[in-house]
Amino acid sequence: MQLVAISKEGRDRRDIVLGVSYLALAAFIVFILPRATTGLKSTFALTSYRGGVTIKAPDLVIPTAASLFALGALVAFAGGWQLAKGFKRVNLVLVLVVGVGIAAFLVWATRGKSLNFTGMLVSSLVRATPIALAALSGIYSERSGVVNIGIEGMMLVGAFTSVVFASVSDSLLVGVLGGILGGVILAVLHGVLSIRYKVDQVVSGTGIIILALGLTSYLQRAVLNLYPELNQPGPAIRALPIPVLWKTPVIGPLLFNQSPVIYTLFVLLAVTHVLLYNTRWGLRVRAVGEHPRAADTLGINVFKTRYVSVLISGAIAGLSGAYMSIGAAGRFNEGMTAGKGFLGLAAMIFGNWNPAGAFLGALIFGFFDSWQEKLAILQVGIPIDLLGMAPYLATMIVLAGVVGRARAPAADGQPYEKQ
Amino acid sequence: MSEKLETPSTDEASNEMERTGLRRLLVRGGALRSALLPILAVFTALIIGAVIMAVSSPDVIAAWRQVSQNPRGALSITWGTIRDAYMALFEGSFGNPARIIRAIDTMRETGESRELLEALRPFSESLVIATPYIFAGLAVALGFRGGLFNIGAEGQLFVGGLASVYIGYSISGLPRYVHLPLALLAGMLAGAIWGAIPGLLKARTGAHEVINTIMMNYIAFRLTDHLLQGPMARPDRLPITPEIKPSAYLPSLLPRPVRLHVGFFLALATAAVVYWFLWKTTRGFEIRMVGANPRAARYAGVHIIATTVLTMALSGALAGLAGANQVLGLDHRLVRAFSTGYGFDSIALALLGNSHPLGVVLSSLLFGFLRGGAARMQSVANVPVEIIRIIQGIVIVFVAAPAIIRAIYRLRVVREEETLLVRGWGS
């Protein structure tokens, strides 16, 4: 039920607000940013030095002021068109304009300097991975009509169990499986609470987060600190270069020389898409998430479908947690998921509960997460903590701008009562 | 649209509200009944906590390894571990009764009050810890009543603390009765703004408040870090703000080491005001109506957008007061980690207290005692304080799912009264 109905006038006003904002952004890019940049050039280095291997690529050198004018003109055009005629795909244009704005900021920040662009892309993808996995986790659960706010908690427990399993078995693969198991155990709890006991799913998820936070912190103090060997899973999961392809400039280090978990993410994205839209099971899940009563009438087992979806959701969340601990940090730290699960939910909503869109959302967060440190190297003169707000501000702006068209599964969050 | 139109019925809504009000709690003799489930939930959570403590204690594990040789020893060590931990929890939260009685005797005889103050310290510390819980719990409860889930109390608490401390140290020469209210007001205002932004976004664009309040949390943390790094740092550049002027202190009630201050009573008064506002004023009625049935509220002419923003702003203001209370009453300056998860715990409090001010106060006291005692439990019985968090999590699960508690204790279903608090993402 959309309470705040977006009326015709509301839409018109939104068009005006967006158009004026675009024009203001264009003015900023054209008049404010190019100050004192005459003759300067922005260098985007594309050579990768990852893991001690240099993969050469020519630098991208562009004149700062001229590029800013060009980008500004682009935004100004979008603003003018928005005001005069309006776009059909408002959300897409909004995302593109924000993207151009960010590009302009990067060009300005790099004036007279050089930015390792490939490195930035690689680190964006690495940081986007746990968020994208969390978003996928959310998609499975919510497509079947179960809101899963507890992903953050499932990730935390997954991060913990994977470290313990990997330390005990001396095998990272066992560790990953242990992480998945940890996520699944909490998912069972969430499933029983929200499907069997029909608890408010947001409340159940909150309980799971607090429980996970307490349990992992407690066990770290009470067990891991006494037996430090349980928190030594060995070196983080190593990158697995794909033969031949990994030497391609830019794309090689970005896509073909990454952690196996990142390849798994790509596979999961594709599989999820096919599963949801091209299989009988996916159709059932979506039916249960949209109209459980109708699905039930047609003989689909609503409870079973929801349980399976929530368990898959927990498994992926556990994998995400495992990636953060044994996949990147190489140990477990208290509260190490640091809100990545929530960012995943935001990415899921951004992507309108579709795998591809959610991945794009996660990439945006990953990009903002990585730009903080890269911009600190460039010394742009903006305090690092304020730059660190960018991913959160971006989430809010994008959600506010896009959500008008985002549509949750109709039965999302509603317990199903068999009659 | 496939769903059938519900007929708007404000009568029904007001009846429903009457039932959940204080009247049902006291007049209709339901006080015990409505308290039974939370009490059983806490009790069960404490038992599960005991199991976790026993299973993770090296002594207990060692004893059970030799259970075949010494079964009684294993049992008694297990029992002893749990008993020591909960005894320490009790003494840490209420104080040692024997010591308090002895101290009273000493004071009667010699007039020496030091020992009594020392003996009362644990009790007062528990109240000190409960104070921000009451404010923050009221914040979340008010949101729930309006159908909004404010996970952002933590961030609102931070900005409230920032604003209060700024007024507290930057202005001097004001008398207390001007300076203190000004500092409190600043904290409320900052929290209100921090809450109103997600409220406005929710009302205008439909962006879900759960995500936006979480985002506002992170922004508040970053803002605090930034301000403590430079603009508000002490002259020696440590990441601490300067000390506030004594005229902005929330005055203490007893000499040190008892740290109890006026803030506790301010919190109780605030709870009373929130009760009055929600159940005795038109605005409060509108908020509860939007929370209970937004469609009916709209038919009845309630301005949904304004009410949503108002609910979030008030909720934020209450959380801001929690932050103000901490800096004006206790720390007298702001350090980086001055809140230890009060905002998140407050969600549990609101749920446990059934989003009723009286319930929030009672559950805040419970949490205050739990956390007050946890420190002693850690130092005496060597049980990490985090056990309290586990217990809190289990309490939420049980309170949210009364069916489990009913099944364990074979209680009859008296009346179905679970209300759906949050309706997914779309509403």
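Quick notes on the rules
Here the residue index of a chain counts from 1 through its sequence in written order. Here the convention is simple: chains get letters from A, ligands get numbers from 1, in the order in which they are written. Whole-chain, interface and lining totals are the exception, using all residues; otherwise, since this is a predicted model, local features are given only for residues with pLDDT of at least 70 and side-chain atom pairs are given and counted only at 80 or more. Starting at the N terminus, helices and strands are each numbered in turn, a helix being any DSSP run of H or I of at least four residues and a strand any DSSP run of E of at least two. C-alpha atoms define the radius of gyration in this analysis, and the globule rule sets the expected value at 2.2 Å times the number of residues to the power 0.38. Whether two residues are in contact is decided by their C-beta atoms, placed from the backbone, lying within 7 Å. A set of buried Ala, Val, Leu, Ile, Met, Phe, Trp, Tyr and Cys residues, joined through C-beta atoms within 7 Å, is what we mean by a nonpolar core. Remark: C-beta atoms are placed from the backbone, and a residue is labelled buried if 20 or more other C-beta atoms sit within 10 Å of its own, exposed if 12 or fewer do, or partly exposed between those counts. Residues were grouped as follows: Ala, Val, Leu, Ile, Met, Phe, Trp, Tyr, Cys and Pro as nonpolar; Asp, Glu, Lys and Arg as charged; and all remaining residues, including Gly, as polar. Where each domain starts and ends comes from a domain assignment, either automatic or drawn from a database. Multiplying one less than the number of residues by 1.5 Å gives the expected span of a helix. For every residue, the pLDDT score states the predictor's confidence, bounded by 0 at the bottom and 100 at the top. One requirement defines pairing of two strands: DSSP has to find at least two bridges between them. With axes taken as lines fitted to C-alpha atoms, and helix axes fitted only over the stretch in contact, angles between N-to-C directions fall between 0 and 180 degrees. An angle below 35 degrees is treated as roughly parallel, one above 145 as roughly antiparallel, one from 65 to 115 as roughly perpendicular, and anything else as oblique. Two helices crossing with the near one rotated counterclockwise from the far one by less than a right angle form a left-handed crossing, whereas a clockwise rotation gives a right-handed crossing.

1. Examining the overall build of chain A
Along its length, chain A carries 16 helices and five strands. For 419 residues, the compact-globule formula gives about 22 Å, and the C-alpha radius of gyration of chain A, at 23 Å, lands near that figure. Overall, the C-alpha framework of chain A stretches about 65 × 60 × 40 Å when taken along its three principal axes. Counted over contacts in chain A with a minimum sequence separation of 6, partners at least 24 positions apart contribute 76%.

2. Here's the deal with the nonpolar core
Membership of the largest hydrophobic core comes to 240 residues, with the highest contact counts inside it found for Ala132(A), Ala347(A) and Val395(B). Residue contacts for Ala347(A): discarding those within four places in its chain leaves Ile131(A), Ala132(A), Ala135(A), Ala358(A), Gly361(A), Ala362(A) and Phe365(A). Membership of the second largest hydrophobic core comes to six residues, among which are Ala287(A), Ala295(A), Val302(A) and Tyr416(A).

3. With respect to the interface of chain A and chain B
With 49 residues of chain A at the contact, the number on the chain B side is 50 residues. Elements represented by at least two residues in the side of chain A that touches chain B include exactly helix H7 (201-224), helix H13 (340-350), helix H15 (384-387) and helix H16 (390-402) of chain A. The element that contributes the greatest number of residues to the side of chain A that touches chain B is H7(A), accounting for 16 residues. Across the side of chain A that touches chain B, the residue classes tally to 33 nonpolar, 12 polar and four charged.

4. Regarding the domain arrangement of chain A
Residues and elements named next belong to chain A. Domain parsing of chain A yields domain 1 (8-112) and domain 2 (122-384). Computed over C-alpha atoms, the centres of domain 1 and domain 2 are 32 Å apart. Among the residues forming the side of domain 1 that touches domain 2, the class breakdown is four nonpolar, three polar and two charged.

5. Overview of helix H8 (residues 153-170) of chain B
Counted at 1.5 Å a residue, the expected span for H8(B) with its 18 residues is 26 Å, and the 25 Å between its end C-alpha atoms agrees. Counted residue by residue, H8(B) has 17 buried out of 18 residues, so it is predominantly covered.

6. What to know about the confidence of the model for chain A
The share of residues in chain A with pLDDT of 70 or more is 95%, and the mean pLDDT across the chain is 85. Taken together, the stretch residues 1-7 of chain A has pLDDT below 50 and engages in 13 contacts with residues farther than four places along the chain or on a different chain.

7. Looking at the sheet that holds strand S1 (residues 41-45) of chain A
Residue and element names in this part refer to chain A. The strand order across the open sheet formed by three strands is S2-S1-S3, and the pairing between neighbours is mixed. One side of each edge strand has no neighbouring strand; the edge strands of this open sheet are strand S2 (60-63) and strand S3 (114-116). Within this sheet the neighbouring strands show an average axis-to-axis angle of 20 degrees, counted without direction. When S1 meets S3, the two strands line up parallel, connected through three bridges. Within S3, the position partnered with Thr-43 by the bridge is Ser-114. The strands touched by helix H4 (residues 117-143) within the sheet are S1 and S3, with S3 carrying the most contacts at an inclination of about 35 degrees.

8. Focus: the packing of helix H6 (residues 172-196) of chain A against helix H12 (residues 302-329) of chain A
All names here are of chain A. In the contact formed by H6 and H12, the axes pass within 6 Å of each other and the chain directions differ by 140 degrees. Taken as axis vectors, H6 and H12 run oblique relative to one another. In this structure, H6 crosses over H12, and the sense of that crossing is right-handed. Its residues assigned to classes, the contact of H6 with H12 comprises 18 nonpolar, 10 polar and one charged.

9. Observations regarding the environment of Gly179(A)
Residues and elements named next belong to chain A. Residue position: Gly-179 is located in helix H6. We classify Gly-179 as buried; it has 34 C-beta atoms within 10 Å. As for Gly-179 and Ala-317, which are separated by 138 residues in sequence, their C-alpha atoms are 8.7 Å apart. Contacts of Gly-179, omitting those with residues within four sequence positions, involve Gly-158, Ala-159, Thr-161, Ser-162, Gly-318, Leu-319, Gly-321 and Ala-322.

10. Overview of the packing of helix H9 (residues 260-278) of chain A against helix H10 (residues 280-290) of chain A
Residue and element names in this part refer to chain A. Running from amino to carboxyl end, H9 crosses H10 at an angle of 75 degrees, the nearest separation of the two axes being 5 Å. Taken together, the axes of H9 and H10 are roughly perpendicular relative to one another. Contacts between H9 and H10 pair Leu-275, Leu-276, Tyr-277 and Asn-278 from the former with Trp-281, Gly-282, Val-285 and Arg-286 from the latter. Class assignment of the residues belonging to the contact of H9 with H10 gives a composition of five nonpolar, two polar and one charged.

11. Section: the environment of Gln258(A)
Residue and element names in this part refer to chain A. Locating Gln-258 in the fold gives a position in strand S5 (residues 257-258). Gln-258 sits in the buried class, given 22 other C-beta atoms within 10 Å. In sequence terms Gln-258 and Arg-238 are 20 residues apart; their C-alpha atoms lie 7.9 Å from each other. In this structure, Gln-258 is in contact with Ala-239 and Tyr-263, ignoring residues within four places of it in sequence.

12. Some remarks on the pairing of S1(A)
Across four bridges, the pairing between S1(A) and S2(A) is antiparallel. Of the residues in S2(A), the one forming a bridge with Phe44(A) is Leu60(A).

13. Quick word on helix H5 (residues 151-169) of chain A
For H5(A), with 19 residues, the first-to-last C-alpha span of 26 Å sits near the 27 Å given by 1.5 Å per residue. Taken from the residues just after H5(A), Asp170(A) is the one with a positive phi, measuring 65 degrees.

14. Description of the confidence of the model for chain B
Residue and element names in this part refer to chain B. Summing up the model confidence of chain B, the mean pLDDT is 83 and the portion of residues at 70 or higher is 88%. Mean pLDDT values over the elements of chain B span from 45, in helix H2 (residues 22-26), up to 95, in helix H11 (residues 263-280). Note on residues 416-420: pLDDT under 50 across the span, and one contact to partners over four residues away in sequence or across chains. Scored as a whole, the predicted complex attains pTM 0.82, and scored at its interfaces, ipTM 0.77.

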